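The chain contents come next:
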Amino acid sequence: MRVPLSWLHEYVRPDLDTAALVERLDMTGTAVENVVHHGVGALEHFVVGKVLTAERHPDADRLKVCAVDVGDGGEPRQIVCGAPNVAAGQTVGVARPGAIMPDGTRLKAAKLRGVVSDGMILAEDEVAIGTDHAGTMVLDDALAAGTPLADVLPISTDVLELEITPNRPDCLGVYGIAREVHAITGAPLAPPPWATDPHPAGDGIEGVAITVQAPDLCPRFTARAFEGVRIGPSPTWLRARLMAAGQRPISNVVDVTNYVMLLTGQPLHAFDLDRIAGGRLNVRRARDGEQVTTLDDQVRTLDAEMVVIEDADGPTSIAGVMGGARSEVHDGTTRVLIELATWIGPNINRTSARLGLRSEASGRYEKGLSPEQAMEAQAVASALMIEVCGATPVGGTIDVASPDPTRPARAVLRLRDERVAGLLGAPIDGGRQAQILEALGFGVAPAPGGLDATVPHWRRNDVTREVDLIEEVARVAGIEELPLTLPPRRRLHAATPSHAQRVRRRAEDALVGAGLHEIAGWSFTEPAVLDRLLVPAGHPLRDVVELANPMSERESILRPTIVASLLDAARHNLTRGASAVGLFESGAVYRAGAGGDGLADEHHALAALLVGTDATALRAKALLEAVLGALRVPWSARQAGDVPFLHPGKAGWIASGDARLGFLGELHPGVLRAWEIDQPAAAFALDLDAVAPLVPGATAYRDLISFPALRRDIAVVVADDVPAARVVEIVREAGGKLLASAAVFDVFRSEALGAGRVSLALHLEFRAADRTLADEDVAPLRERIVARLATELGGELRG
């Protein structure tokens, strides 16, 4: 919302400069997004001038060379002017060289068709007080030459661009902001512009009938009629205020409706009374498929949840959103009906959204205006119709209000001093509390232990509890002035992470310790990502969760795997100069529910991705070993070829017993091409929801230094297609409790071993908790290991 300070100062003029006022508004809850200057700058160069002569330009029929007295005591200024109405004897506005125009241009003396022009005779659009450029502004002859133009016309003002929160529709009007400024600065507040109402009393208008068939959506509908209306341009002061507030002047009647809305926050609409068929208006729900041509000449198709205002010939307006073209005011209008109504906010919001039609009116109605505002705005509109349009009121006021409730009783809330001090951490003087609330428009009366506050109608929907009153007191008194205090101690319970949360943190810490960087990817993705991951039709990963209302096609499903997010992040970093990346993410993945209940299967996954020349399955396996080792979960890798985005010969399942925990391997070359990655990549992923039950709740420690270990190395020859992990698994099983560890430390291939054979060298470490082991303790175990390898894998001891 734009609030010109020149307009605001008509009602409240704080003893603060613009910057200080902005800070005070910001600190009390009315956010100032920007401060802009409207109009001209360097005001000393804008003066009143007297046109002494106006002769035709020697080389241009449409230009005149004028001698203008600007009151500086020197020779008249020679100014070349193209306005057709400029003439000798006129009093005009003049911009001298050095003046800054509304677009920021600094005016200089110039030659026009060879004739020097020492300034500019001004039209109203050249000082941003209107849109007319057809001729110069002719001012009152009583004005003396040299009079500052800013003393005569509103040609310059600062404008506050405010961000009004949805709970404060009262601040969508200039007077509402003035009331707020009065409360936060203590500056005197002028009486409201609706304090007096010039319209005659009465409850009817001859020849006009109003009915409301949808009282649940229209709590109040009021109307006043005027005759003798003279359509024409609005006076300069009104046009200037509209321009500064961001509204384009149109005609006096339309300008009055816009001016009243900006001043009071209450939208209104002007009907040409002679165009209202049958002289009656009816408020009702629309019919499905019903159409209305609105003021923007667009045909709008309605549904049964929208509300229309109709006359005898059908719908003429979309209630609360936009008027209709059929009954709009035009140049020949002489009789006007001013309509002011209250509409239910959520319904207006729905109508506006469904039609894709937002207006200044709908933006206000949807926030919830009080029924009392209608008559306040009617009073202002009546005064302006009489003053600006030369209109004469006809009859009284038609006021159709819903009986339940027409005007709800104003709530009275108790504000206790003890509660104020307890919530804010410091007491605020009772007199100061009363002063703040009275300045904001609340009625205040003494009460035991505090005061009773009567909520004004414009805060009815916002202030409903004692804590709301405390908020008002605190923000105006200055939250920044409150001392720093701790809240009272209550039965506080320290939050402890669950077992699953501890598992996630330990797994993430293990990857961070290994030098990887964590990312946070989107849960939303596009269906095409499954094609890029080479996921075939019918694969479980195709069982995705589709969003009912996606923001775009690229965000229409929930991700079934984290791998795509990691690939997106890797490509982002590689295209910006990274030579290699190591990334991981811990987050949710989703599958469509298999139970038919429509609920998604959501589980927590942990995945890591390595990209670089040395990104192999063995490096990914080492990272996986670090994670599951930190979690104390025994595991093994089993060869797999059904993970579509992994290399078929370099992929495996991660298992613990019969439980499948995830996958491990190098990325398929086709997937890397789809992501435009030209380096090898390897990844692993774990279902942490499956891992967590396998993680022991407590870790038991054993004495490892009292008795030394006995170490032995063996080399076994097996077929080349036997996984090394399977060899280690058999060795551990055969070694029994005394075998503390077993690991492959060398791989050897040679023709001497035979075709398709490979030698694996293993380091074995035996240890007992109660004694130092001797060779005779370990020899039987070594023989059992060799025998198991021979029996189950065809292994032969080498050397």
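Residues numbered from 1 in each chain as written. Predicted model: local features only at pLDDT ≥ 70, side-chain atom pairs only at ≥ 80, totals over all residues. Heavy atoms only, no water.

### Focus: the pattern of salt bridges
Stated precisely, the cut-off is as follows: Any carboxyl oxygen of Asp or Glu that lies within 4 Å of a side-chain nitrogen of Lys or Arg is treated as forming a salt bridge with it. Runs of E in the DSSP output that reach at least two residues are strands. Runs of H or I that reach at least four are helices, and both are numbered from the N terminus. Remark: exposure states derive from per-residue accessible area (1.4 Å probe, protein chains only) relative to the maximum for the residue type, with buried under 20%, exposed over 50%, and partly exposed in between.
Taken as a whole, this structure holds 47 salt bridges when the rule is applied. When the shortest N-O distance is used, the salt bridge between Arg2 and Glu161 registers 3.3 Å. With Arg2 in strand β1 (residues 2-4) and Glu161 in strand β10 (residues 156-163), this pair connects stretches of sequence that are 159 residues apart. What makes Glu161 partly exposed here is its relative accessible area of 21%. Taken together, the shared-partner salt bridges connect Arg168, Asp170, Glu180, Arg459, Asp462, Glu472 and Arg475 into one network.

### Concerning helix α10 (residues 430-439)
Heads up, the rule is: Contacts are assigned to residue pairs that have any heavy atoms within 4.5 Å of one another. By the criterion applied in these results, polar contacts are pairs of N or O atoms within 3.5 Å in which, for protein atoms, one can donate a hydrogen and the other can accept it, and in which residues neighboring in sequence qualify only through two side-chain atoms.
The set of residues buried in α10 consists of Gln433, Ala434, Ile436, Leu437 and Ala439. For α10, the elements touching its buried residues are α3 (174-185), β22 (412-416), α9 (417-424), β23 (443-447), β24 (450-454) and α11 (466-477). In this structure Asp429 caps α10, since a side-chain oxygen of it lies 2.9 Å from the backbone nitrogen of Gly431. Looking one or two residues past α10, Gly441 carries a phi angle of roughly 100 degrees, positive in sign.

### Focus on the sheet that holds strand β29 (residues 581-591)
Note the cut-off: In this scheme, strands are said to pair when DSSP sees at least two bridges between them. Angles run from 0 to 180 degrees between N-to-C directions of axes, and those axes are lines fitted to C-alpha atoms, restricted for helices to the stretch in contact.
Taken together, 7 strands build an open sheet; the order of strands is β25-β29-β30-β34-β33-β32-β31 and the sheet is mixed. A strand with exactly one partner marks an edge of an open sheet, and here the two such strands are β25 (517-518) and β31 (636-639). Relative to β29, β25 is paired through 2 bridges, and the arrangement is parallel. Residue pairing for β29: Glu518 is matched across the bridge by Phe584. Of the strands in this sheet, β29, β30 (601-611) and β33 (659-667) are in contact with helix α14 (residues 563-574), which crosses β29 at around 150 degrees. Each of β30, β32 (646-656), β33 and β34 (681-687) touches helix α15 (residues 617-631); the most contacted strand, β34, lies at about 30 degrees to it.

### Comments concerning the environment of Pro192
The topology assignment puts Pro192 in the loop between α3 and β11 (209-212). Residues Pro192 and His9 lie 183 residues apart in sequence; the distance between their C-alpha atoms is 13 Å.

### Here we look at the sheet that holds strand β12 (residues 220-227)
Consider a sheet: its strands pair through backbone hydrogen bonds, and that pairing is either parallel or antiparallel. On the basis of which strands lie adjacent, the open sheet formed by 4 strands has the order β13-β20-β12-β21 and antiparallel pairing. The open sheet has two edge strands with one neighbour each: β13 (269-272) and β21 (392-401). The mean angle between the axes of side-by-side strands here comes to 20 degrees, regardless of whether they run parallel or antiparallel. Pairing of β13 with strand β20 (residues 336-342) involves 4 bridges; the strand directions are antiparallel. Each bridged residue has a counterpart across the sheet, and for Phe271 the counterpart in β20 is Leu337. Of the strands in this sheet, β12, β20 and β21 touch helix α8 (residues 372-389), which is tilted by about 10 degrees from β12.

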